[in-house]
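# Residue-level structure breakdown
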Amino acid sequence: RGVERVGFLGFSMGGMVAILAAPLCPGVRAVVSDGGPARLWTALAGWGQERRAPAWLARPLAWLTIAITSLRLGVNLFRYEPVRWVSRVSPRPLLLIHGDQDPYLAPGEFDALVAAAGRLLEVWRVHEAGHRTVDELYPEEWRRRVVRFFDRYL
């Protein structure tokens, strides 16, 4: 409809959707994922643990939930994990924003996402931030970085 410069900005699950959708949308020129998980099942496990389910129970239940949902929908949802799709965002630029205290990413998952991403990647990692709290802790810097990213690539 005449829009020539399109960028995706997704928060949490929206960040996951942005990473999955960008390779399918040739008109998208840049992607920002703020707090997007690397894998859906581990994000669900983190959600369960945040609600006081023990890890030994939350992880297999989350995996089983995704497996059963996949069977019911007739699609393998494990194929649609951001860590598997993030390399396909390239050659478009990607900005990943992450708080190291995010309970929805298992240890090492953000590093796996970064390693799989490829070229034109910017990472803003904040040690003291949790899930989607980077903008709360550093609102001016968050705004400056995101706007500068889109200004540069759109």
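Use the structure listed above.
Because the structure is predicted, anything quoted here is derived from the model rather than measured.

Moving on, we come to the packing of aromatic side chains. What the rule picks out here adds up to 5 aromatic pairs. Considering the side-chain rings of Phe-149 and Phe-150, the 5.7 Å spacing of their centres and the 70° angle between planes classify their relative orientation as edge-to-face. Summarising the burial analysis for this pair, Phe-149 and Phe-150 share the class buried. Looking at Arg-88, its charged tip hangs above the ring of Trp-85, at a distance of 4.5 Å from the centre.

Take unusual backbone geometry next. Cis peptide bonds are those with omega within 30 degrees of zero, and the linkage from Ser-90 to Pro-91 qualifies with 20°. Tracing the chain through its elements places Pro-91 in the loop between helix H4 (82–85) and strand S3 (94–99). In the Ramachandran plot, Ser-12 falls in the positive-phi region, its phi being about 55° despite a non-glycine side chain. In this structure, Arg-132 takes a positive phi of about 55° despite not being glycine. As for its position among the elements, Arg-132 is in the loop between strand S4 (121–126) and helix H6 (134–137).

Conventions we followed
Residues numbered from 1 in each chain as written. Predicted model: local features only at pLDDT ≥ 70, side-chain atom pairs only at ≥ 80, totals over all residues. Heavy atoms only, no water. Phe/Tyr/Trp six-rings, centres within 6.5 Å; stacked < 30°, edge-to-face > 60°. Buried < 20%, exposed > 50% of the residue type's maximum accessible area, 1.4 Å probe, protein only. Lys NZ or Arg CZ within 6 Å of the ring centre and 35° of its normal. Helix = DSSP H or I, 4+ residues; strand = E, 2+ residues; numbered from the N terminus.

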